Amino acid sequence: MFVTAHFSFHCTHLPPPLTTTQNYIQLMEDFDDVSAKEKILIKLWNKFIKSHTTTSDRSIPSKCKTFIASHLQPLVTDDLRQNLLLHLYNLWDSGLISSNCILSCMELYDDGVEGKNEEEDRDNEGKSSCSQTKTPKRKNIPLSIAPSLHSSGSKRIKRG
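Here the structure is a predicted model, which is why all the values come from computation and not from measurement.

Conventions used here
Throughout this description, residue numbers start from 1 for each chain and increase along the sequence as written. Thresholds applied to this predicted model are a pLDDT of at least 70 for local features of residues and 80 or more for the giving and counting of side-chain atom pairs; totals over whole chains, interfaces and linings are not thresholded and use all residues. Side-chain measures here rest on the full set of heavy atoms in the structure, leaving out hydrogens and waters. Only residues whose relative accessible area exceeds 30% and that form no salt bridge enter a patch; like-charged residues are grouped when within 9 Å of one another, and nonpolar side chains (Val, Leu, Ile, Met, Phe, Trp, Tyr) when within 5 Å. Throughout, the Shrake-Rupley method with a 1.4 Å probe supplies accessible areas, and for residues the shown protein chains are the sole cover considered. Here a salt bridge means any side-chain nitrogen of Lys or Arg lying within 4 Å of a carboxyl oxygen belonging to Asp or Glu. For the purpose of counting charges, residues Lys and Arg are taken to be positive, whereas Asp and Glu are taken to be negative. His and the chain ends are not included. Here the site of a charge means NZ on Lys, CZ on Arg, CG on Asp, or CD on Glu. Each helix corresponds to a stretch of at least 4 residues labelled H or I by DSSP, and each strand to a stretch of at least 2 residues labelled E; elements are numbered beginning at the N terminus. What counts as a ring pair is set by centres within 6.5 Å for rings of Phe, Tyr and Trp (its six-membered ring), and what kind of pair is set by the plane angle: stacked under 30 degrees, edge-to-face over 60, tilted for all other angles. The cut-offs for exposure are 20% and 50% of the maximum accessible area for each residue type, with area from a 1.4 Å probe on protein chains only; residues under the lower value are buried, those over the upper are exposed, and the others partly exposed. Residues belong to a common nonpolar core when they are buried Ala, Val, Leu, Ile, Met, Phe, Trp, Tyr or Cys residues joined through side-chain atoms within 4.5 Å. Only heavy atoms enter the contact rule, under which two residues are in contact if any of them lie within 4.5 Å. Any cysteine sulfur atom paired with another within 2.5 Å is treated as part of a disulfide. Axes here refer to lines fitted to C-alpha atoms; in helices the fit is confined to the stretch in contact. Angles between the N-to-C directions go from 0 to 180 degrees. For any pair of crossing helices, the crossing counts as left-handed if the nearer helix is rotated counterclockwise from the farther one by less than a right angle, and right-handed if it is rotated clockwise. We call Asp, Glu, Lys and Arg charged. Ala, Val, Leu, Ile, Met, Phe, Trp, Tyr, Cys and Pro are nonpolar, and the rest, Gly among them, are polar. Known as pLDDT, the predictor's confidence for each residue is given on a scale from 0 to 100.

## Description of a negative patch on the surface
- A cluster of acidic side chains, namely Glu 107, Asp 111, Glu 114, Glu 118, Glu 119, Glu 120, Asp 123 and Glu 125, defines a negative patch on the protein surface.
- With respect to the element layout, Glu 107 can be found in helix H6 (residues 99-124).

See below:
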């Protein structure tokens, strides 16, 4: 014979538990060795990735492109290009994306920035040219200045 009982426990002296998102945001703010820009990018990325029920390693390249396309405005507004590139390098280093994926993601970002600048130029055409200041177009920073994606060790620079 089974007896079932319903017990109700209410504790009034404990604060309500934080949701996972609130707890995560609070933990992120506690990091001292992470810059403000890195925190912004990490919060955007994790919120995006966690919005999907499951994410396989195989789908990370397409998720990167979707992330850039859907979050271009905050990425540009907060000047997160360098942080995005470093995040992509970390994903590459973990074996989740290829070097070609990094190139195509950064091209997607840069093309989006150029498209936004062209839209701003068209919007400003009707305004007085005296008060108009052109937004400088971002030059594509060659990825060759970054660590080589094809070598596993560090290279020494010979001077002489």
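Further notes follow.
## A word on the packing of aromatic side chains
- Scanning all chains against the criterion turns up 3 aromatic pairs.
- On the basis of an interplanar angle of 40 degrees and a centroid distance of 6.1 Å, the ring pair of Trp 45 and Phe 48 is categorised as tilted. Of this pair, Trp 45 and Phe 48 both sit in helix H2 (residues 36-50), separated by 3 residues, roughly a single helical turn.
- A connected cluster of aromatic rings, assembled from ring pairs, spans Trp 45, Phe 48 and Phe 67.

## Some points on the pattern of salt bridges
- Counted under the stated rule, the structure contains 2 salt bridges.
- Residues Lys 37 and Asp 79 are paired through a salt bridge, measuring 3.4 Å at the closest nitrogen-oxygen approach. Of this pair, Lys 37 sits in helix H2 while Asp 79 sits in the loop between helix H4 (72-77) and helix H5 (81-93), and the two are 42 residues apart along the sequence.
- According to the relative accessible area criterion, Asp 79 is partly exposed, its value standing at 35%.
- Between Arg 81 and Asp 110 there is a salt bridge; the shortest N-O distance is 2.8 Å.

## Regarding the nonpolar core
- One finds Cys 64, Phe 67, Leu 75, Leu 84, Leu 88 and Ile 97 to be the most contacted residues of the largest nonpolar core, which totals 24 residues.
- Taken together, the elements giving at least two residues each to this core come down to H2, helix H3 (60-70), H4, H5 and H6.
- Top element by residues in this core is H6. It accounts for 6 residues.
- Sequence-distant contacts of Ile 97, defined by excluding residues within four places in its chain, comprise Ile 60, Pro 61, Cys 64, Leu 88, Leu 91, Trp 92 and Ile 102.

## Notes on the environment of Glu 38
- Among the structural elements, Glu 38 can be located in helix H2.
- For Glu 38, a relative accessible area of 32% translates into the label partly exposed.
- Considered as a pair, Glu 38 and Leu 80 are 42 residues apart in the sequence and their alpha carbons are 8.1 Å apart.
- When sequence neighbours within four positions are dropped, the list of residues in contact with Glu 38 reads Asp 33 and Asn 83.

## Structural notes on the state of the cysteines
- Across all of its chains, the model carries 0 disulfides by this definition.
- Of all cysteine sulfurs, the one in Cys 101 lies closest to Cys 105, which takes part in no disulfide; the gap is 3.9 Å.
- A residue is classified by how much of its surface remains accessible, and Cys 105, at 0% relative accessible area, is buried.

## Focus on the packing of H2 against H3
- Remark: H2 packs on H3, axes separated minimally by 11 Å, with the N-to-C direction vectors making an angle of 120 degrees. Here H2 runs over H3; the crossing is right-handed. Taken together, the residues of H3 that come into contact with H2 (itself represented by Leu 41, Leu 44, Trp 45, Phe 48 and Ile 49) are Lys 63, Cys 64, Thr 66, Phe 67 and Ser 70.
- The residue inventory of the contact of H2 with H3, partitioned by class, reads 7 nonpolar, 2 polar and 1 charged.

## Remarks on the confidence of the model for the chain
- Scored by pLDDT, the chain has a mean of 75; 61% of the residues are at 70 or more.
- Long-range and interchain partners of residues 128-137, a stretch whose pLDDT sits below 50, account for 9 contacts in this model, where long-range means more than four residues apart.
- Counted against residues more than four places away or in other chains, residues 147-160, with its pLDDT under 50, gives 8 contacts.

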